[in-house]
Amino acid sequence: MSLEGKVAVVTGGGSGIGRAIAVRLAKDDAAVAVWDLNGDTAAETAKMITDAGGKAIGLEADCADKAAIKAAADQTRKELGEISILVNNAGMAPFTPYMEITEELWDKVIAVNLKGPHLCIREMLPAMVEAGWGRIINITSSSTQSGSFGQGHYVSSKGGLLGLTKALALEFAPTGVTVNMVPPGFIDTPMLRAAPVDVEAFAQTLPMKRVGQPEDIAAAVAFLASEEAGYMTGQTISMNGGRYMGSA
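The model shown is predicted, which means the values in this text are computed figures rather than measured ones.

Caption draft 1: The environment of Arg-77, seen in detail. You can see Arg-77 is positioned in helix α3 (residues 66–79). Using a relative accessible area of 22% as the deciding quantity, one classes Arg-77 as partly exposed. Distance from Arg-77 to Arg-210, taken between C-alpha atoms, is 40 Å for residues 133 residues apart in sequence. Beyond its immediate stretch of four places on either side in the chain, Arg-77 contacts Glu-82, Ile-83, Glu-123 and Met-124.

Caption draft 2: Spotlight on helix α9 (residues 214–225). Between the first and last C-alpha of α9 there are 17 Å, a value that for 12 residues agrees with the 16 Å anticipated at 1.5 Å per step. Within α9, burial applies to Pro-214, Ile-217, Ala-218, Ala-220, Val-221, Ala-222, Leu-224 and Ala-225. For α9, the secondary structure elements touched by its buried residues are α1 (16–27), β4 (85–88), β5 (134–139) and β6 (177–182).

Caption draft 3: Highlighting the sheet that holds strand β2 (residues 31–36). What the six strands build is an open sheet, ordered β3-β2-β1-β4-β5-β6; its pairing is parallel. Among the strands making up the open sheet, the edge pair consists of β3 (56–60) and β6. Sheet twist, expressed as the average angle between the axes of neighbouring strands with direction ignored, equals 15°. Looking at chain direction, β5 and β6 are connected through six bridges and run parallel. Directly across from Ile-137, in β6, lies its bridge partner Asn-180.

Caption draft 4: Broad picture of the pairing of β5. Burial within β5 is extensive, with six of its six residues counted as buried. Covered by surrounding structure in β5 are Gly-134, Ile-136 and Asn-138 together with Arg-135, Ile-137 and Ile-139, the residues of both alternating faces. In this structure, β4 lies alongside β5, joined through four bridges in parallel fashion. Counterpart to Asn-88 in the pairing with β5 is Asn-138.

Caption draft 5: Representation of the pattern of salt bridges within the structure. With the rule as written, the count across this model stands at seven salt bridges. Two residues, Asp-74 and Arg-77, come together in a salt bridge whose shortest N-O distance is 3.0 Å. Residue Asp-74 and its partner Arg-77 are both found in helix α3; the two are separated by three residues, about one turn of the helix. Judged by relative accessible area, which is 33%, Asp-74 ranks as partly exposed. Linking Arg-77 and Glu-123 is a salt bridge whose minimum nitrogen-to-oxygen distance equals 2.9 Å. Of this pair, Arg-77 sits in helix α3 while Glu-123 sits in helix α4 (residues 103–131), placing them 46 residues apart in sequence. Because the salt bridges share partners, they merge into one network encompassing Lys-70, Asp-74, Arg-77, Glu-82 and Glu-123.

Caption draft 6: Summary view of the nonpolar core. Residues Ile-21, Leu-25, Val-32, Val-87, Val-182, Ile-217 and Val-221 are the most contacted members of the largest nonpolar core, which totals 31 residues. Mapped by element, the contributors of at least two residues to this core are β1 (7–11), α1, β2, α2 (39–51), β4, β5 and α9. Of the residues forming this core, the biggest block, seven residues, is contributed by α9. Of all hydrophobic cores here, the second largest spans 28 residues; its members include Val-9, Ala-31, Ile-83 and Ala-90.

Caption draft 7: Molecular detail of the packing of aromatic side chains. A complete count under the given rule lists zero aromatic pairs for this structure. Positioned above the aromatic ring of Trp-133, the side-chain terminus of Lys-6 is 3.8 Å from the ring centre.

Caption draft 8: Fine view of a nonpolar patch on the surface. There is a patch of nonpolar side chains on the surface, built from Tyr-98, Met-99 and Trp-106 and spanning about 410 Å² of accessible area. You can see Trp-106 is positioned in helix α4. Residue classification places Trp-106 among the partly exposed residues on the basis of a relative accessible area of 32%.

Caption draft 9: Geometry of the packing of α4 against helix α6 (residues 152–172). Packing of α4 against α6 leaves a shortest axis separation of 8 Å and a crossing angle of 20°. What the angle tells us is that α4 and α6 run roughly parallel. Our pair here, α4 against α6, has a crossing hand that is right-handed. Residue-level inspection shows Leu-105, Trp-106, Val-109, Ile-110, Asn-113, Leu-114, Pro-117, His-118, Ile-121, Leu-125 and Val-129 of α4 in contact with α6, the latter providing Gly-152, His-153, Tyr-154, Ser-156, Ser-157, Lys-158, Gly-160, Leu-161, Leu-164, Leu-168 and Phe-172. Residue composition of the contact of α4 with α6, grouped by class: 14 nonpolar, seven polar and one charged.

Here is what the cut-offs are and how they apply
- Residues numbered from 1 in each chain as written.
- Predicted model: local features only at pLDDT ≥ 70, side-chain atom pairs only at ≥ 80, totals over all residues.
- Heavy atoms only, no water.
- Helix = DSSP H or I, 4+ residues; strand = E, 2+ residues; numbered from the N terminus.
- Buried < 20%, exposed > 50% of the residue type's maximum accessible area, 1.4 Å probe, protein only.
- Contact = heavy atoms within 4.5 Å.
- Expected span 1.5 Å × (residues − 1).
- Pairing = 2+ DSSP bridges.
- Axes fitted to C-alpha atoms, helices over the stretch in contact; angles between N-to-C directions.
- Salt bridge = Lys/Arg side-chain N within 4 Å of Asp/Glu carboxyl O.
- Core = buried A, V, L, I, M, F, W, Y, C linked by side-chain atoms within 4.5 Å.
- Phe/Tyr/Trp six-rings, centres within 6.5 Å; stacked < 30°, edge-to-face > 60°.
- Lys NZ or Arg CZ within 6 Å of the ring centre and 35° of its normal.
- Patch = residues over 30% accessible without salt bridge, like charges linked within 9 Å, V, L, I, M, F, W, Y side chains within 5 Å.
- Areas by Shrake-Rupley, 256 points an atom, 1.4 Å probe, with all protein chains shown as cover.
- Parallel < 35°, antiparallel > 145°, perpendicular 65-115°, else oblique.
- Left-handed = near helix turned anticlockwise from the far one by under 90°.
- Nonpolar A, V, L, I, M, F, W, Y, C, P; charged D, E, K, R; others polar.

Structural data, given as structure tokens:
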């Protein structure tokens with residue numbers, strides 16, 4: 001599934017799932033712009049790619065800020081070329097009892113997890129439509145399928161991203177731009193390890209009896225970014241070890 005000649009942006013690419021996605025897309029010959037709020041970790045991911053013979057840049061970018069997104073997109077175009085693949089992976093996933101969620105925290109989670117992807121799409125979609133080819137891949141969450149205790153703000157934001165994915169898939173289907181989503185299940189990342197969860201105990205409740213790896217999500221993203229997925233839009237690839245087996 002060669003992506004030679006394509007330029008990909010991976011938000012939140014400095015660690016965890018985002019890093020795995022960036023590395024995989026580069027392995028499939030895409031030039032990759034790694035965006036992250038932490039410029040050092042973005043640079044680390046980019047170096048991993050270039051050390052392996054790939055092409056990448058790492059950029060510090062607040063993916064919930066319109067001006068920062070525009071600046072990072074302009075820099076990406078200058079160094080790598082026009083953007084044809086966008087992976088909206090940056091996000092935050094706090095645990096807060098519903099009645100303790102402040103208005104400020106609610107707004108921040110929505111800004112990062114929903115408004116941010118919207119702003120990135122608005123910045124990059126016009127060129128994809130003009131070219132007649134584009135891939136937008138939104139990293140949602142299995143919590144939109146099953147709920148998640150103490151995460152009303154997070155689940156709401158990711159549910160909104162699910163809805164945006166389907167709405168844009170329908171609207172832009174004739175243009176050659178596909179819009180799909182991957183909701184990760186229980187994936188072994190620094191964010192998961194920092195959560196108030198007994199990771200190994202919960203893994204035993206899953207049908208596969210193990211924690212997923214970031215590379216599992218990256219594999220799904222790589223397929224959705226490929227030519228082979230050109231007739232798939234508005235769809236969900238659930239990588240969750242059997243945690244959820246529904247049709248949405």
